[in-house]
Amino acid sequence: KAGVTQTPRYLIKTRGQQVTLSCSPISGHRSVSWYQQTPGQGLQFLFEYFSETQRNKGNFPGRFSGRQFSNSRSEMNVSTLELGDSALYLCASSFNRGMNTEAFFGQGTRLTVV
Amino acid sequence: GQQVMQIPQYQHVQEGEDFTTYCNSSTTLSNIQWYKQRPGGHPVFLIQLVKSGEVKKQKRLTFQFGEAKKNSSLHITATQTTDVGTYFCAPSGAGSYQLTFGKGTKLSVIP
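All values derive from a computational prediction rather than experimental measurement. (Residues numbered from 1 in each chain as written. Chains lettered and ligands numbered in written order. Predicted model: local features only at pLDDT ≥ 70, side-chain atom pairs only at ≥ 80, totals over all residues. Heavy atoms only, no water.)

Describing the overall build of chain A
Thinking step 1. Counting its regular elements, chain A contains zero helices and 11 strands.
Thinking step 2. The order of helices and strands in chain A, counted from the N terminus, is β-β-β-β-β-β-β-β-β-β-β.
Thinking step 3. In summary, chain A has a C-alpha radius of gyration of 13 Å against a globular reference of 13 Å for 114 residues, a match within 12%.
Thinking step 4. Principal-axis analysis of the C-alpha atoms gives chain A an extent of 35 × 25 × 25 Å.
Thinking step 5. Sequence-distant contacts in chain A: of pairs separated by 6 or more residues, those separated by 24 or more amount to 53%.
Thinking step 6. With the model as given, the accessible surface of chain A reaches about 5400 Å², and the carbon-plus-sulfur share is 46%.
Thinking step 7. When the 12 basic and 6 acidic side-chain charges of chain A are each reduced to a single mean position, those positions are 2 Å apart. (Helix = DSSP H or I, 4+ residues; strand = E, 2+ residues; numbered from the N terminus. Rg over C-alpha atoms; globule rule 2.2 N^0.38 Å. Contact = heavy atoms within 4.5 Å. Areas by Shrake-Rupley, 256 points an atom, 1.4 Å probe, with all protein chains shown as cover. Lys, Arg positive; Asp, Glu negative; His and termini not counted. Charge placed at Lys NZ, Arg CZ, Asp CG, Glu CD.)

Here it is in C-alpha coordinates:
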(Lines give C-alpha, C1' and ligand atoms only; values in the text may rest on other atoms or scores of the structure.)
Protein backbone atom coordinates (compact mmCIF):
# COMPACT_ATOMS: atom_id res chain seq x y z
CA LYS A 1 0.00 0.00 0.00
CA ALA A 2 1.56 3.29 -1.07
CA GLY A 3 2.11 5.91 1.59
CA VAL A 4 1.27 9.58 1.53
CA THR A 5 2.92 11.27 -1.44
CA GLN A 6 3.82 14.92 -1.48
CA THR A 7 5.11 16.80 -4.49
CA PRO A 8 7.37 18.48 -5.09
CA ARG A 9 9.91 17.51 -2.43
CA TYR A 10 11.87 20.73 -2.72
CA LEU A 11 10.96 24.16 -3.99
CA ILE A 12 12.70 27.51 -4.18
CA LYS A 13 10.54 30.56 -4.78
CA THR A 14 11.02 34.30 -4.74
CA ARG A 15 9.23 36.68 -2.40
CA GLY A 16 5.89 37.75 -3.83
CA GLN A 17 5.39 34.61 -5.89
CA GLN A 18 2.79 31.99 -5.19
CA VAL A 19 3.19 28.26 -4.78
CA THR A 20 1.00 25.17 -4.93
CA LEU A 21 1.86 21.99 -3.07
CA SER A 22 0.23 18.64 -3.68
CA CYS A 23 -0.63 15.74 -1.41
CA SER A 24 -1.93 12.32 -2.41
CA PRO A 25 -3.24 10.47 0.66
CA ILE A 26 -3.14 6.76 1.28
CA SER A 27 -5.75 5.01 -0.82
CA GLY A 28 -9.06 4.97 1.05
CA HIS A 29 -8.14 7.81 3.39
CA ARG A 30 -10.59 10.67 3.28
CA SER A 31 -9.11 13.14 5.74
CA VAL A 32 -6.10 15.27 4.83
CA SER A 33 -4.42 17.77 7.13
CA TRP A 34 -1.62 20.19 6.43
CA TYR A 35 1.11 21.36 8.79
CA GLN A 36 3.90 23.88 8.66
CA GLN A 37 7.09 22.88 10.42
CA THR A 38 9.81 25.36 11.33
CA PRO A 39 12.67 25.00 13.84
CA GLY A 40 11.27 27.69 16.10
CA GLN A 41 7.55 26.91 16.01
CA GLY A 42 7.40 23.16 15.69
CA LEU A 43 4.46 21.57 13.88
CA GLN A 44 1.72 24.10 13.32
CA PHE A 45 -1.69 23.07 12.04
CA LEU A 46 -2.79 24.77 8.85
CA PHE A 47 -6.07 23.12 7.87
CA GLU A 48 -7.96 19.86 7.58
CA TYR A 49 -10.07 18.64 4.70
CA PHE A 50 -12.61 15.88 4.68
CA SER A 51 -14.96 15.02 1.83
CA GLU A 52 -13.80 18.04 -0.14
CA THR A 53 -14.72 20.45 2.67
CA GLN A 54 -12.42 22.38 4.96
CA ARG A 55 -13.32 21.24 8.48
CA ASN A 56 -10.75 23.04 10.59
CA LYS A 57 -8.37 25.91 10.06
CA GLY A 58 -5.34 26.96 12.01
CA ASN A 59 -4.19 30.45 12.82
CA PHE A 60 -2.63 31.38 9.51
CA PRO A 61 -3.28 34.37 7.24
CA GLY A 62 -5.59 34.16 4.26
CA ARG A 63 -2.60 33.81 1.96
CA PHE A 64 -2.66 30.15 2.92
CA SER A 65 -5.47 28.22 1.30
CA GLY A 66 -6.21 24.71 0.25
CA ARG A 67 -8.68 22.40 -1.33
CA GLN A 68 -9.50 18.75 -1.62
CA PHE A 69 -10.64 16.92 -4.71
CA SER A 70 -13.18 14.13 -5.04
CA ASN A 71 -10.40 11.52 -5.05
CA SER A 72 -9.20 12.93 -1.67
CA ARG A 73 -6.05 14.42 -3.15
CA SER A 74 -5.35 17.82 -1.67
CA GLU A 75 -3.48 20.93 -2.64
CA MET A 76 -2.41 23.89 -0.61
CA ASN A 77 -1.59 27.28 -2.02
CA VAL A 78 0.43 30.10 -0.58
CA SER A 79 0.17 33.44 -2.32
CA THR A 80 2.42 36.47 -2.04
CA LEU A 81 5.21 34.48 -0.48
CA GLU A 82 7.21 35.97 2.38
CA LEU A 83 10.63 34.96 3.65
CA GLY A 84 8.99 33.64 6.82
CA ASP A 85 7.03 31.11 4.79
CA SER A 86 10.22 29.07 4.35
CA ALA A 87 9.45 25.79 6.06
CA LEU A 88 8.77 22.12 5.69
CA TYR A 89 5.12 21.61 4.74
CA LEU A 90 3.76 18.27 5.81
CA CYS A 91 0.59 16.58 4.78
CA ALA A 92 -1.05 13.87 6.86
CA SER A 93 -3.85 11.55 5.87
CA SER A 94 -6.27 9.58 8.02
CA PHE A 95 -8.87 7.00 7.16
CA ASN A 96 -11.60 9.02 8.79
CA ARG A 97 -12.14 11.97 11.08
CA GLY A 98 -12.16 11.27 14.74
CA MET A 99 -10.18 11.41 17.92
CA ASN A 100 -8.94 7.86 17.65
CA THR A 101 -7.53 8.11 14.17
CA GLU A 102 -3.85 7.68 13.46
CA ALA A 103 -2.29 10.18 11.07
CA PHE A 104 0.12 9.10 8.35
CA PHE A 105 2.54 11.75 7.19
CA GLY A 106 4.15 12.33 3.84
CA GLN A 107 7.83 13.17 3.42
CA GLY A 108 6.98 16.84 3.13
CA THR A 109 7.77 19.66 0.75
CA ARG A 110 10.73 21.82 1.71
CA LEU A 111 9.91 25.37 0.61
CA THR A 112 12.60 28.02 0.55
CA VAL A 113 11.63 31.61 -0.14
CA VAL A 114 14.44 33.90 -1.23
CA GLY B 1 -6.82 22.87 18.88
CA GLN B 2 -5.70 21.60 22.22
CA GLN B 3 -2.74 23.45 23.78
CA VAL B 4 -0.11 21.54 25.70
CA MET B 5 3.32 22.17 27.17
CA GLN B 6 5.92 19.60 26.26
CA ILE B 7 9.11 19.42 28.30
CA PRO B 8 12.02 19.37 28.06
CA GLN B 9 12.61 21.00 24.70
CA TYR B 10 15.99 19.29 24.31
CA GLN B 11 17.62 16.34 26.02
CA HIS B 12 21.12 15.00 25.57
CA VAL B 13 21.80 11.62 27.10
CA GLN B 14 24.63 9.14 27.11
CA GLU B 15 23.79 5.92 25.34
CA GLY B 16 22.32 3.55 27.88
CA GLU B 17 20.77 6.25 30.05
CA ASP B 18 17.04 6.64 30.41
CA PHE B 19 14.99 9.45 28.90
CA THR B 20 11.59 10.91 29.70
CA THR B 21 9.50 13.56 27.98
CA TYR B 22 6.35 15.06 29.45
CA CYS B 23 3.24 16.55 27.92
CA ASN B 24 1.07 18.72 30.19
CA SER B 25 -2.34 20.24 29.56
CA SER B 26 -4.39 22.66 31.64
CA THR B 27 -7.59 20.99 30.47
CA THR B 28 -8.79 17.41 30.42
CA LEU B 29 -7.90 15.53 27.29
CA SER B 30 -9.93 12.94 25.45
CA ASN B 31 -6.90 11.09 24.24
CA ILE B 32 -3.28 11.67 23.34
CA GLN B 33 -1.08 10.35 20.58
CA TRP B 34 2.70 10.22 20.42
CA TYR B 35 4.82 10.56 17.29
CA LYS B 36 8.52 10.30 16.54
CA GLN B 37 10.32 12.24 13.86
CA ARG B 38 13.81 11.14 12.92
CA PRO B 39 16.26 13.81 11.68
CA GLY B 40 15.34 14.65 8.09
CA GLY B 41 12.23 12.51 8.28
CA HIS B 42 8.54 12.89 8.90
CA PRO B 43 6.50 12.20 12.04
CA VAL B 44 5.58 8.57 12.56
CA PHE B 45 2.79 7.41 14.84
CA LEU B 46 3.93 5.54 17.95
CA ILE B 47 0.87 5.05 20.11
CA GLN B 48 -2.46 6.38 21.32
CA LEU B 49 -3.62 6.57 24.94
CA VAL B 50 -7.29 6.89 25.73
CA LYS B 51 -8.06 5.73 29.27
CA SER B 52 -7.30 7.46 32.54
CA GLY B 53 -4.12 6.04 34.10
CA GLU B 54 -3.37 3.98 31.00
CA VAL B 55 0.13 2.55 30.64
CA LYS B 56 1.36 0.99 27.40
CA LYS B 57 4.73 -0.49 26.58
CA GLN B 58 6.56 -0.98 23.32
CA LYS B 59 9.85 -2.74 24.00
CA ARG B 60 11.97 -0.07 25.75
CA LEU B 61 9.30 2.62 25.46
CA THR B 62 6.68 3.17 28.18
CA PHE B 63 3.77 5.54 27.65
CA GLN B 64 1.55 6.81 30.45
CA PHE B 65 -1.66 8.82 30.57
CA GLY B 66 -2.32 10.59 33.85
CA GLU B 67 -5.22 9.75 36.10
CA ALA B 68 -6.77 13.15 35.48
CA LYS B 69 -6.08 12.85 31.73
CA LYS B 70 -4.22 16.15 31.79
CA ASN B 71 -0.71 14.86 31.33
CA SER B 72 1.21 12.13 29.62
CA SER B 73 4.75 10.88 29.48
CA LEU B 74 7.01 8.83 27.28
CA HIS B 75 9.90 7.02 28.96
CA ILE B 76 12.70 5.27 27.10
CA THR B 77 14.83 2.80 29.04
CA ALA B 78 18.48 2.38 28.14
CA THR B 79 18.55 4.69 25.14
CA GLN B 80 20.20 3.66 21.91
CA THR B 81 21.44 5.76 19.01
CA THR B 82 18.40 4.64 17.05
CA ASP B 83 16.22 6.57 19.52
CA VAL B 84 17.56 9.88 18.23
CA GLY B 85 14.84 12.20 16.98
CA THR B 86 12.08 14.51 18.11
CA TYR B 87 9.18 13.12 20.09
CA PHE B 88 5.85 14.90 19.80
CA CYS B 89 2.69 14.51 21.78
CA ALA B 90 -0.58 15.23 19.97
CA PRO B 91 -3.52 15.70 22.32
CA SER B 92 -7.20 15.79 21.47
CA GLY B 93 -9.84 17.58 23.48
CA ALA B 94 -13.49 16.66 23.78
CA GLY B 95 -15.24 16.75 20.43
CA SER B 96 -12.13 17.94 18.66
CA TYR B 97 -11.09 16.28 15.43
CA GLN B 98 -8.13 18.58 14.97
CA LEU B 99 -4.77 16.95 15.62
CA THR B 100 -2.39 19.53 17.08
CA PHE B 101 1.11 18.88 18.30
CA GLY B 102 3.25 19.90 21.21
CA LYS B 103 6.55 21.63 20.43
CA GLY B 104 8.37 18.32 20.79
CA THR B 105 11.38 17.08 22.70
CA LYS B 106 14.52 16.65 20.67
CA LEU B 107 16.56 13.71 21.91
CA SER B 108 20.27 13.37 21.21
CA VAL B 109 22.07 10.20 22.21
CA ILE B 110 25.83 10.33 22.71
CA PRO B 111 27.43 6.98 21.86
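Once you've had a look at it, read on.
Thoughts on the side chain of A:Gln68
Residues and elements named next belong to chain A.
Thinking step 1. Note that Gln68 resides in strand S7 (residues 64-68).
Thinking step 2. For Gln68, a relative accessible area of 6% gives the class buried.
Thinking step 3. A polar atom in the side chain of Gln68 sits 3.3 Å from the backbone nitrogen of Phe50.
Thinking step 4. Among the polar contacts made by the side chain of Gln68, one reaches the main-chain carbonyl oxygen of Ser72 at a distance of 3.2 Å. (Buried < 20%, exposed > 50% of the residue type's maximum accessible area, 1.4 Å probe, protein only. Polar contact = N/O pair within 3.5 Å; in protein donor to acceptor, adjacent residues only side chain to side chain.)

So, unusual backbone geometry
Thinking step 1. Residue A:Pro8 is bonded to the preceding A:Thr7 through a cis peptide linkage, with omega at -10°.
Thinking step 2. Considering the arrangement of structural elements, one finds A:Pro8 in the loop between strand S1 (5-7) and strand S2 (10-13).
Thinking step 3. B:Pro8 follows B:Ile7 through a cis peptide bond whose omega is -5°.
Thinking step 4. In this structure, B:Pro8 sits in the loop between strand S1 (5-7) and strand S2 (10-14).
Thinking step 5. Even without a glycine there, the phi angle at B:Lys69 is positive, about 55°.
Thinking step 6. Along the chain, B:Lys69 falls in the loop between strand S7 (61-65) and strand S8 (71-76).
Thinking step 7. One non-glycine residue with positive phi stands out, namely B:Ala78, at about 50°.
Thinking step 8. Its location among the elements puts B:Ala78 in the loop between S8 and strand S9 (85-92).

Things to note about the environment of B:Ser30
Thinking step 1. For B:Ser30, the location among the structural elements is in the loop between strand S3 (19-24) and strand S4 (31-37).
Thinking step 2. Separated by 22 residues in sequence, B:Ser30 and B:Ser52 have C-alpha atoms that sit 9.3 Å apart.

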